[in-house]
Structure formats: C-alpha cells, structure tokens
Amino acid sequence: MHIDKDLVAASATPLVLGILADGESYGYAIVKRVNELSGGRMQWTDGMLYPLLHRLERLGYVEASWGTSDAGRRRKHYAITQAGRETLADRQQQWSVVADALKQVWQDVQRPPAVAEGWA
C-alpha cells in the first residue's frame with residue numbers, strides 16, 4: 001500500500017515525538033520502529049527522517065547527543081524535551097479530533113443515504 005506523502009508528512013512529527021517519549025533513540029532505530037508500528041506499511045528513509053529530526057531539534061522539541069553503539073560506532077541519540085512533550089500532547093489532541101471526524105464520515109459513507117424529508 002502506498003501512503004500519500006502529505007499524510008506521511010502530517011504524521012511524522014507526532015510519530016517521532018511519540019517514539020522518543022518512550023525513551024531516547026537514534027535514527028535507524030526510529031525508522032525501524034515506524035516500520036514495526038505500521039506493520040511494514042510505512043517505509044521511512046534516512047533522507048526523510050534526518051531533516052525532520054534536525055527541524056525538531058531547532059524547534060527545541062528534541063535534544064541530540066553523541067553516543068557509542070555496542071559495536072563501537074559513534075551515533076547521534078535523540079531525546080524528547082519538555083517542549084517536545086507539550087507539543088506531543090497538543091498534537092495528540094489535534095489528531096483525536098481529526099480521527100473522530102474521519103471515523104464519523106466513513107461510518108456515514110457506509111450507511112445508505114437517508115432520504116431527505118419532502119424529497120421522496
């Protein structure tokens with residue numbers, strides 16, 4: 001299944017902040033987690049993730065620090081900040097409103113159209 005790039009872009013910030021709310025992580029692990037959460041239907045790339053992480057860092061929603069992997073390689077770890085947690089809470093509320101509206105629309109589409117009074 002192809003997921004439209006506008007939908008990917010709209011969901012990227014809350015997804016990354018939500019993943020980091022569980023604990024600090026690094027780029028490859030975030031990409032892997034998105035893949036797991038979507039059942040393999042969202043295939044993020046480094047080229048999509050790192051500009052987002054850099055933007056979130058500039059906005060003060062995440063902090064980056066250098067660490068070392070088990071294999072001894074240096075890699076950048078990202079952690080959510082308090083501002084990021086506040087933004088995540090705000091985005092959760094926004095997405096709840098959108099998801100509820102979509103759910104209602106999709107339920108209405110599945111029902112047969114109502115005959116308006118006086119039109120029969």
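Residues numbered from 1 in each chain as written. Predicted model: local features only at pLDDT ≥ 70, side-chain atom pairs only at ≥ 80, totals over all residues. Heavy atoms only, no water.

## Notes on the overall build of the chain
Looking only at helices and strands, the chain features 4 helices and 3 strands. Seen in sequence order, the chain has helices and strands lined up from the N terminus as α-β-α-α-β-β-α. Against the compact-globule benchmark of 14 Å for 120 residues, the chain has a radius of gyration of 19 Å, which places it well outside the compact range. Projecting the C-alpha coordinates of the chain onto the three principal axes gives extents of approximately 75 × 30 × 20 Å. Total accessible area computed for the chain in this model is approximately 8600 Å², and 53% of it derives from carbon and sulfur atoms. For the chain, the centre of its 14 positive side-chain charges and the centre of its 14 negative side-chain charges are spaced 6 Å apart. (Helix = DSSP H or I, 4+ residues; strand = E, 2+ residues; numbered from the N terminus. Rg over C-alpha atoms; globule rule 2.2 N^0.38 Å. Areas by Shrake-Rupley, 256 points an atom, 1.4 Å probe, with all protein chains shown as cover. Lys, Arg positive; Asp, Glu negative; His and termini not counted. Charge placed at Lys NZ, Arg CZ, Asp CG, Glu CD.)

## Comments concerning helix H4 (residues 82-110)
Under the 1.5 Å per step criterion, the end-to-end length of H4 is 42 Å for 29 residues, consistent within 8% with the ideal 42 Å. Every buried residue of H4 is listed here: Gly 84, Thr 87 and Leu 88. Summarising the contacts, the buried residues of H4 are in contact with helix H1 (5-21) and strand E3 (74-80). (Expected span 1.5 Å × (residues − 1). Buried < 20%, exposed > 50% of the residue type's maximum accessible area, 1.4 Å probe, protein only. Contact = heavy atoms within 4.5 Å.)

## Side note on the pattern of salt bridges
If you walk through the whole model with that rule in mind, you get 1 salt bridge. Residues Glu 36 and Arg 33 are paired through a salt bridge, measuring 3.3 Å at the closest nitrogen-oxygen approach. Taken together, the residues Glu 36 and Arg 33, both in helix H2 (residues 27-37) and 3 residues apart, mark about one turn of the helix. Take Glu 36: its relative accessible area is 45%, and that puts it in the partly exposed class. (Salt bridge = Lys/Arg side-chain N within 4 Å of Asp/Glu carboxyl O.)

## Examining the nonpolar core
Counting residues in each nonpolar core, the largest one holds 20 residues, and the members touching the most others are Val 16, Leu 17, Leu 20, Ile 30, Trp 44, Leu 49 and Leu 56. Of all the secondary structure elements, the ones that give two or more residues to this core are H1, H2, helix H3 (46-58) and E3. Looking at this core element by element, the count peaks at 6 residues for H1. In contact with Leu 56, not counting residues within four places along its chain, are Thr 13, Val 16, Leu 17, Tyr 61 and Val 62. (Core = buried A, V, L, I, M, F, W, Y, C linked by side-chain atoms within 4.5 Å.)

## Focus: the pairing of strand E2 (residues 62-68)
With 7 bridges connecting them, E2 and E3 associate as antiparallel partners. When the bridges of E3 are listed, Ser 65 appears paired with His 77. Connecting E2 to the next strand, E3, in antiparallel fashion are 5 residues, including Gly 72 with a positive phi near 90°. (Pairing = 2+ DSSP bridges.)

## A word on the packing of aromatic side chains
Scanning the entire structure with this criterion turns up 0 aromatic pairs. Across the ring face of Tyr 26, the terminal group of Arg 75 is positioned such that the distance to the ring centre comes to 3.6 Å. (Phe/Tyr/Trp six-rings, centres within 6.5 Å; stacked < 30°, edge-to-face > 60°. Lys NZ or Arg CZ within 6 Å of the ring centre and 35° of its normal.)

Interpretation note: all reported values are geometric properties and have no functional meaning in isolation.
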